[in-house]
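# Results of the structural survey
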Amino acid sequence: MSSFGTATLTQVWAMLEVCAPGYTVKERDHHWCVRYKTFVYPTLPKGQHGKGDRGEVQMGKIRQLVRTFQIEDCAKKQLPLLAR
């Protein structure tokens, strides 16, 4: 995966609030399972251990989530690193 940079989980949740209203998140042992409409992204990393919502997620994983949910245009406006 050739995407550079990271974003905090707080930034990811804020982007989803705008671009995927009604999304749901379920915490798993090592990942978040995120659902939006009929789409499921079961492996969004939690970030570094103990960081909570400040944990950082690689931009490539976020890009996969955005593509899965088909919200590319909106997400690029919310997270400028996705536009690279």
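Note that the structure is predicted; figures quoted are calculated from it, not measured.

### Section: the overall build of the protein chain
A tally of helices and strands in the protein chain yields three helices and five strands. Walking the protein chain from its N terminus toward its C terminus, one meets helices and strands in the order β-α-β-β-β-β-α-α. A burial count over the protein chain gives 33% of its 84 residues as buried. Expressed as a percentage of contacts within the protein chain between residues at least 6 apart in sequence, the contacts between residues at least 24 apart total 51%. With an accessible surface of roughly 5,400 Å², the protein chain has 48% of that area assigned to carbon and sulfur atoms.

### Thoughts on the sheet that holds strand β3 (residues 31–36)
Strand pairing in a sheet relies on backbone hydrogen bonds. The paired strands run either parallel or antiparallel. Pairing is antiparallel in the open sheet, where three strands are placed in the order β2-β3-β4. Looking along the sheet, the strands with just one partner apiece sit at the ends: β2 (24–27) and β4 (39–45). Taken over all neighbouring pairs, the strand axes of this sheet differ in orientation by 25 degrees on average, direction set aside. In this structure, β3 lies alongside β4, joined through five bridges in antiparallel fashion. Within β4, the position partnered with R35 by the bridge is V40. The strands touched by helix α1 (residues 9–19) are β2, β3 and β4; relative to β3, the strand with the most contacts, the crossing angle is about 10 degrees. Packed onto the sheet, helix α2 (residues 59–69) meets β3 and β4 and runs at close to 175 degrees relative to β4.

### Points about the nonpolar core
If you look at the biggest cluster of nonpolar residues, it comprises 24 residues, and the most contacted ones within it are W13, M15, L16, V34, L44, I62 and I71. Mapped by element, the contributors of at least two residues to this core are α1, β3, β4 and α2. Of the residues forming this core, the biggest block, six residues, is contributed by α1. Apart from the residues within four sequence positions on either side, L44 is in contact with L9, V12, W13, H31, W32, V34 and V57.

### Overview of the pattern of salt bridges
A complete count under the given rule lists one salt bridge for this structure. When the shortest N-O distance is used, the salt bridge between K46 and E27 registers 2.9 Å. Taken as a pair, K46 in the loop between β4 and β5 (56–58) and E27 in strand β2 lie far apart in primary sequence, 19 residues in all.

How each quantity is defined
Residues numbered from 1 in each chain as written. Predicted model: local features only at pLDDT ≥ 70, side-chain atom pairs only at ≥ 80, totals over all residues. Heavy atoms only, no water. Helix = DSSP H or I, 4+ residues; strand = E, 2+ residues; numbered from the N terminus. Buried < 20%, exposed > 50% of the residue type's maximum accessible area, 1.4 Å probe, protein only. Contact = heavy atoms within 4.5 Å. Areas by Shrake-Rupley, 256 points an atom, 1.4 Å probe, with all protein chains shown as cover. Pairing = 2+ DSSP bridges. Axes fitted to C-alpha atoms, helices over the stretch in contact; angles between N-to-C directions. Core = buried A, V, L, I, M, F, W, Y, C linked by side-chain atoms within 4.5 Å. Salt bridge = Lys/Arg side-chain N within 4 Å of Asp/Glu carboxyl O.

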